[in-house]
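# Summary of the model geometry
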Amino acid sequence: MTQNQELITAIIEVLASVAPEVRDLELDPHAPLRDQLELDSMDHLHFLIGLHGRFGVDIPESDYGAMRKLDEVANYIAPRRQPGP
């Protein structure tokens, strides 16, 4: 498994904590997550908070728009994440 695949898997784990149905779906990395999973704004916010907790990445509100699709989330997180233990 490549680092990018590991990152995507970890992002999906965070997403599953907000939307458990994601485990049964094959997500399109280029389509908006909110549309694929019918996430409301609070679910999306909880997802972003979960990303912060998992990866140690601060996500300012001004960047929320850059976090709509799975590939966008991975591209945002990858260079900013904290090294793991």
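Whatever comes next refers back to the structure up there.
Structure report, in brief. (Residues numbered from 1 in each chain as written. Predicted model: local features only at pLDDT ≥ 70, side-chain atom pairs only at ≥ 80, totals over all residues. Heavy atoms only, no water.)

Another point: the overall build of the protein chain. Within the protein chain, the secondary structure is distributed over four helices and zero strands. In the protein chain, the order of α-helices and β-strands from amino to carboxyl end is α-α-α-α. What you see for the protein chain is a C-alpha radius of gyration of 12 Å, in line with the 12 Å of a compact globule of 85 residues. C-alpha atoms of the protein chain, sized along the principal axes, occupy 30 × 30 × 20 Å. When burial is assessed residue by residue, the protein chain has 33% of its 85 residues classed as buried. In the protein chain, of all internal contacts separated by at least 6 residues, the share reaching a separation of at least 24 is 49%. (Helix = DSSP H or I, 4+ residues; strand = E, 2+ residues; numbered from the N terminus. Rg over C-alpha atoms; globule rule 2.2 N^0.38 Å. Buried < 20%, exposed > 50% of the residue type's maximum accessible area, 1.4 Å probe, protein only. Contact = heavy atoms within 4.5 Å.)

What follows concerns helix H4 (residues 70–77). Leu 70, Val 73, Ala 74, Tyr 76 and Ile 77 are the residues of H4 that are buried. Down the axis of H4, the buried side of the element spans an arc of 165 degrees, and every buried residue falls inside it. For H4, the elements touching its buried residues are helix H1 (3–18), helix H2 (33–37) and helix H3 (41–55). (Arc of directions from axis to C-beta.)

On to the environment of Gln 82, then. Take Gln 82: it is sitting in the segment after H4. What makes Gln 82 partly exposed here is its relative accessible area of 48%. In this structure, the C-alpha to C-alpha distance between Gln 82 and Leu 70, residues 12 residues apart in sequence, is 19 Å. Setting aside its immediate chain neighbours within four residues, Gln 82 contacts Phe 55 and Gly 56.

Its place among the elements puts Lys 69 in the loop between H3 and H4. No salt bridge is formed by the buried Lys 69; its nearest oppositely charged neighbour, Glu 72, is found at 4.4 Å. (Lys, Arg positive; Asp, Glu negative; His and termini not counted. Salt bridge = Lys/Arg side-chain N within 4 Å of Asp/Glu carboxyl O.)

Attention now goes to the packing of aromatic side chains. Using the criterion set out here, one finds zero aromatic pairs in the structure. The ring of Tyr 76 carries the charged tip of Arg 80 above its face, separated from the ring centre by 3.8 Å. (Phe/Tyr/Trp six-rings, centres within 6.5 Å; stacked < 30°, edge-to-face > 60°. Lys NZ or Arg CZ within 6 Å of the ring centre and 35° of its normal.)

Here we take up the environment of Leu 27. Positionally, Leu 27 belongs in the loop between H1 and H2. Measuring from C-alpha to C-alpha, the distance between Leu 27 and Gln 3 comes to 18 Å, with 24 residues separating the pair along the chain. Apart from the residues within four sequence positions on either side, Leu 27 is in contact with Ile 12, Leu 15, Val 22, Leu 33, Gln 36, Leu 37 and Leu 70.

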